[in-house]
Amino acid sequence: MQLWEGTTRVMLHCAASSGRDRAAAAGVSAVVLPPASVLHKHVHRFLCWVQRSFAGWWRCEGKTGKLLRKVTEGQGARALRCWHVVASHSLCCLRCSLQKQWEEPCARAFDTMMSIRQRKGVGTTEVSEDGAAPQENVTLEKKPSSGCTSRRLWKILSFTVGGAMALCTGLLTSVYLATLHENDLWFSNIKEVEREISFRTECGLYYSYYKQMLQAPSLVHGFHDLMYDNKTESMRTINLLQRMNIYQEVFLSVLYRVLPIQKYLEPVYFYIYTLFGLQAVYVTALYVTSWLLSGTWLSGLLAAFWYITNRTDTTRVEFTIPLRENWALPFFAVQIAAITYFLRPNLRPLSERLALLAIFLSTFVFSLMWQFNQFMMLVQALGLFALDALDMLPALKATWLYTIQVAALLLVCALQFFNSMILGSLLISFNLSVLIARKLQKNLKTGNFLNRLGKLLLHLFVILCLTLFLNNIIKKALSLKSDEHIFKFLKAKSGFGATRDFDANLYLCEEAFGLLPWDTFGRLSDTLLLHAYLFVLLVTVTAALAVALRNLSDCPAQPPLEQPGKCPVHLGAATAYSLAHTVVFGALALSTMRMKYLWTPHVCVFAASGLCSPEVWGLLLKVTRLYNPARTCVMRYAVPMLTLSYLCCKFWPGVMEELAELREFYDPDTVELMHWISANTPGTAVFAGSMQLLAGVKLCTGRTLTNHPHYEDSSLRARTKSVYQIYAKRPPEDVHALLRALGTDYVILEDSICYERRHPRGCRLRDLLDMANGHVMDGPGENDPDLKLADHPRFCEEIKRDLPPYTALFTRVFQNKTFHVYRLARGK
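Counting restarts for each chain, with residues numbered from 1 along the sequence as it is written. With pLDDT at 70 or above as the cut-off, local features in this predicted model cover only qualifying residues; side-chain atom pairs require 80 or more to be listed or tallied, and sums for whole chains, interfaces and linings still use all residues. The side-chain values count all of the structure's non-hydrogen atoms but skip hydrogen atoms and water molecules.

Visitor: Let's hear about the side chain of His602: which residues, and what values?
Guide: A helix here means a DSSP run of H or I that spans at least four residues, while a strand means a run of E at least two residues long, and both kinds are numbered starting from the N terminus. Topologically, His602 is positioned in helix H27 (residues 596-611). Among the polar contacts made by the side chain of His602, one reaches the side chain of Ser578 at a distance of 3.1 Å. Once residues within four sequence positions are removed from consideration, His602 is found in contact with Ile336, Ser578, His581 and Thr582. For this analysis, a polar contact is any N or O atom pair within 3.5 Å, provided that within protein one partner can donate a hydrogen and the other can accept it, and provided that sequence-adjacent residues contribute only side-chain to side-chain pairs. Any two residues whose heavy atoms approach within 4.5 Å at even a single point are treated as in contact.

Given below as structure tokens:
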């Protein structure tokens with residue numbers, strides 16, 4: 001009742017002031033209003049007087065009268081809350097209509113009214129500045145003020161400038177990387193065979209299928225050759241569309257055939273320009289993500305600058321163009337941008353559906369282009385699950401994201417002719433387990449802190465058990481072994497015992513699969529990226545912990561009493577997802593250096609958006625008791641602009657010098673080898689050798705291979721180990737039998753592998769083979785006690801001595817400073 005009287009006193013004071021002013025202006029006596037003791041009786045009369053006095057008020061009269069009658073008839077707290085809705089609404093309209101004549105009295109009354117409501121803590125519907133109250137379905141007719149028009153024009157101008165900057169930064173990055181590639185290899189001036197050799201390792205293998213499709217007599221013939229391929233693996237016919245992610249090469253080859261560009265653009269340039277064009281999409285997506293997180297396009301510009309200045313750690317596209325990750329990561333960035341938009345609050349239904357469509361399409365294309373898609377999305381799903389479990393993400397939106405991941409992966413599985421590696425992926429098992437566990441465990445997010453924590457731990461246990469159960473069932477049903485080498489590698493890397501497994505050690509000994517080097521942090525510090533990242537990470541993690549504890553404690557998101565200058569810690573769903581993304585992929589990058597290209601681009605986004613975020617600066621200034629809106633605004637714009645100025649001054653000369661530096665591709669030994677193979681061996685000849693070299697042999701000569709770098713197949717891994725016995729301590733008869741079992745006609749030995757010094761002892765290829773075969777390794781150092789001395793010398797060294805046991809089975813037909821080619825004797 002006190003709240004009722006205080007509210008109505010304020011309204012009557014406003015009306016009395018207005019009435020006295022109008023009466024004085026008309027030269028008549030002031031209106032005498034009833035005292036507070038009879039306020040209930042005169043409230044309706046007061047509102048009718050307002051209706052007659054001010055234009056536009058009549059639209060609210062009907063609903064107001066009904067609510068007032070409910071109040072006067074004593075229908076309780078519900079009617080009182082409704083009255084406060086209309087009272088607040090009425091005062092907003094009253095203030096607008098009296099703007100010119102009685103601005104000060106009504107403004108004071110309005111402010112007093114709102115302060116009374118805050119002190120009393122009544123949970124009413126908030127009314128925006130323009131007087132809209134969507135909960136009451138009241139539409140007020142108003143004329144747009146000049147301030148609203150100027151704000152709208154400013155938003156349009158800002159959006160236009162920001163969008164233009166996004167496109168410009170993307171295109172400039174694309175041109176910059178293409179120019180570096182040209183300057184490094186003099187790509188436009190070298191021979192075709194040299195261009196193809198520049199596509200090292202698996203890059204050459206993937207490009208060979210693009211070349212194969214272009215050389216096919218027709219598209220139908222080209223598709224048939226891919227689906228029934230017997231040149232990638234000798235003595236086997238495989239479906240390349242099922243085994244490998246090469247739909248992008250197929251699509252580009254079809255596009256090149258259809259478009260009238262053959263006279264103006266060579267096939268190789270069409271291919272590489274497409275990849276560099278995707279870099280424009282990549283940078284633009286990073287720009288948009290940062291913009292969405294911070295609310296200003298300045299953060300997008302800063303993120304793009306950081307991406308370019310940290311190019312060594314953010315991309316390797318200029319020297320590994322056809323790699324699957326260079327195709328996939330731009331669409332992964334688009335997916336993150338779409339998720340960021342999808343997680344924004346109060347989206348319209350149409351906007352939400354469009355965001356879901358963008359998420360699905362980008363997830364599908366990303367999954368289609370990279371064989372490791374399932375592992376990347378599993379890490380992403382773990383981050384989503386953590387947020388969902390801590391109630392930092394809307395449950396319905398999290399369900400949509402889980403479902404989209406599974407749906408996109410199943411669609412890719414269908415396009416890849418039901419690839420068993422996809423069906424047996426941990427991602428599908430995990431997401432299905434999460435969705436099933438939700439149905440089984442009701443009221444998971446209710447109760448006090450200890451109750452919710454216990455439910456959460458039980459929820460984790462149920463999902464873990466269900467995931468392992470489903471995954472084992474699927475793998476046993478499909479007899480799946482395609483990804484077992486990855487789990488062996490993860491087991492050995494995690495420290496669960498040493499292993500002599502050849503495949504696992506092959507990954508463990510590669511620098512790219514080791515820990516992230518310390519010099520990476522030095523390079524990130526030079527551009528101030530690491531400093532900004534750690535600053536934003538500290539503030540955001542602190543806010544996230546506070547929100548998580550509040551959610552687990554079952555506290556309301558907005559406390560009923562808010563003191564002036566203090567507000568509860570808040571973390572939006574989009575910011576929470578960005579934090580989870582950078583944490584989980586940061587852990588992945590720290591453990592495996594090759595995965596840093598998934599983390600460092602988002603580091604640029606996260607740091608730039610944090611520096612431009614009013615929430616980050618507002619929280620920091622409130623903690624230090626320096627908060628005011630003007631200071632927050634200054635910090636969120638001044639710090640990014642100073643950082644951009646620093647980056648331009650420090651790195652612009654280096655970029656110009658880098659663009660001016662010219663090099664040239666030079667690998668005469670490999671060029672000589674490819675020319676000899678093309679000129680002196682039959683087209684049906686089968687070649688054996690290292691995986692990296694054979695990919696180039698297929699691309700440059702079109703010959704049949706025994707093995708290749710696409711390692712995600714158990715039978716191929718067995719083939720590779722058999723072929724690599726040419727670098728082990730094995731007798732010539734055994735090596736000859738192993739190679740002939742694979743249909744080998746020629747074997748290529750490389751001195752760089754036979755006499756390798758790049759890796760330390762225990763990680764050289766010959767050492768891995770010796771341990772796998774139970775032999776003592778060469779050179780000084782310790783050996784496991786169960787290893788034995790080999791009965792035969794190393795094959796790759798002994799064959800060069802031309803001893804009779806070797807010359808009877810192997811005939812040298814080519815050699816230069818790097819390569820030695822031997823023809824195998826048949827029928828022996």
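Visitor: Quick one: what's the story with the packing of helix H15 (residues 324-342) against helix H26 (residues 573-591), residue by residue and with numbers?
Guide: Look at H15 against H26: their axes get within 9 Å of each other, and the N-to-C directions meet at 145°. From H15, Phe332, Ile336, Ile339 and Thr340 reach across to H26, where they touch Ala574, Tyr577, His581 and Phe585. Residue polarity is assigned by list, with Asp, Glu, Lys and Arg as charged and Ala, Val, Leu, Ile, Met, Phe, Trp, Tyr, Cys and Pro as nonpolar; anything else, Gly included, falls into the polar class. In the contact of H15 with H26, the residues fall into 6 nonpolar, 2 polar and no charged. Note on definitions: angles span 0 to 180 degrees between N-to-C directions of axes, and those axes are lines fitted to C-alpha atoms, for helices only across the stretch in contact.

Visitor: Let's hear about the packing of aromatic side chains: which residues, and what values?
Guide: For any pair of aromatic rings, the description consists of the separation of the ring centres together with the inter-plane angle of the planes. The aromatic pairing rule takes the rings of Phe, Tyr and Trp, using the six-membered ring of Trp, and pairs them if the centres are within 6.5 Å, calling planes under 30 degrees apart stacked, those over 60 edge-to-face and the rest tilted. One pass over the full model with this rule turns up 31 aromatic pairs. Considering the side-chain rings of Tyr287 and Trp291, the 6.1 Å spacing of their centres and the 80° angle between planes classify their relative orientation as edge-to-face. Of this pair, Tyr287 and Trp291 both sit in helix H12 (residues 267-294), 4 residues apart, which is roughly one turn of that helix. This pair shows no difference in class: Tyr287 is buried, exactly as Trp291 is. Ring pairs connect the aromatic residues Phe187, Phe199, Tyr207, Tyr210, Tyr269, Tyr271, Tyr273 and Trp327, which therefore count as one cluster. Three exposure classes are used, based on accessible area relative to the maximum for each residue type with a 1.4 Å probe and protein chains only: buried under 20%, partly exposed in between, and exposed over 50%.

Visitor: Tell me what's going on with the pattern of salt bridges, and back it up with residues and numbers.
Guide: Salt-bridge detection follows one rule: a side-chain nitrogen of Lys or Arg within 4 Å of a carboxyl oxygen of Asp or Glu. A complete count under the given rule lists 30 salt bridges for this structure. For Lys596, the salt bridge identified is with Asp313, shortest N-O distance 2.8 Å. On the criterion of sequence distance, the pair formed by Lys596 in helix H27 and Asp313 in helix H14 (residues 311-314) is long-range, its members being 283 residues apart. This pair shows no difference in class: Lys596 is buried, exactly as Asp313 is. Within the structure, one salt-bridge network assembled from shared partners comprises Glu233, Arg236, Arg243 and Asp713.

Visitor: Requested: an account of the nonpolar core, with residues and values cited.
Guide: Proteins that are soluble and globular tend to have nonpolar side chains buried together. For the purposes of this section, nonpolar cores are sets of buried Ala, Val, Leu, Ile, Met, Phe, Trp, Tyr and Cys residues that join through side-chain atoms within 4.5 Å. Trp306 and Ile748 are the most contacted members of the largest nonpolar core, which totals 147 residues. By residue number, the principal contributor to this core is H12, which donates 15 residues. Not counting the four nearest positions on each side in its chain, Ile748 is found in contact with Leu673, Ile677, Phe687, Ala688, Gly689, Leu693, Val697, Ile726, Tyr727, Phe819, His820 and Val821. Within the second largest apolar cluster, 36 residues are counted, among which are Phe502, Leu506, Tyr711 and Phe795.

Visitor: Which residues make up the pairing of strand E4 (residues 810-815), and what values do they have?
Guide: Taken together, the 5 bridges between E4 and strand E5 (residues 819-824) define a ladder with antiparallel strand orientation. Following the sheet pairing, Arg812 is matched in E5 by Tyr822. DSSP calls a pair of strands paired once it identifies at least 2 bridges connecting them. Hairpin connection of E4 to E5: 3 residues between the antiparallel strands.

Visitor: Account for the state of the cysteines, with residues named and values stated.
Guide: Pairs of cysteine sulfur atoms within 2.5 Å are what we label disulfides. A full pass over the atoms with the stated rule returns 2 disulfides. For Cys509, the disulfide goes to Cys763, at an S-S distance of 2.2 Å. Across the disulfide from Cys509 to Cys763, rotation about the S-S bond amounts to roughly -70°, and the bridge is consequently left-handed. Of this pair, Cys509 sits in the loop between helix H23 (502-508) and helix H24 (519-526) while Cys763 sits in the loop between helix H34 (751-754) and helix H35 (765-773), and the two are 254 residues apart along the sequence. Disulfide pairing is shown between Cys754 and Cys796; the S-S distance is 2.0 Å. Residues Cys754 and Cys796 share a disulfide whose torsion about the S-S bond is about 80°; that sign makes it right-handed. Of this pair, Cys754 sits in helix H34 while Cys796 sits in helix H36 (residues 795-798), placing them 42 residues apart in sequence. The exposure classification of Cys754 matches that of Cys796, with both residues buried. Counting its disulfide-bonded cysteines in sequence order, the protein shows a connectivity of 1-3, 2-4.

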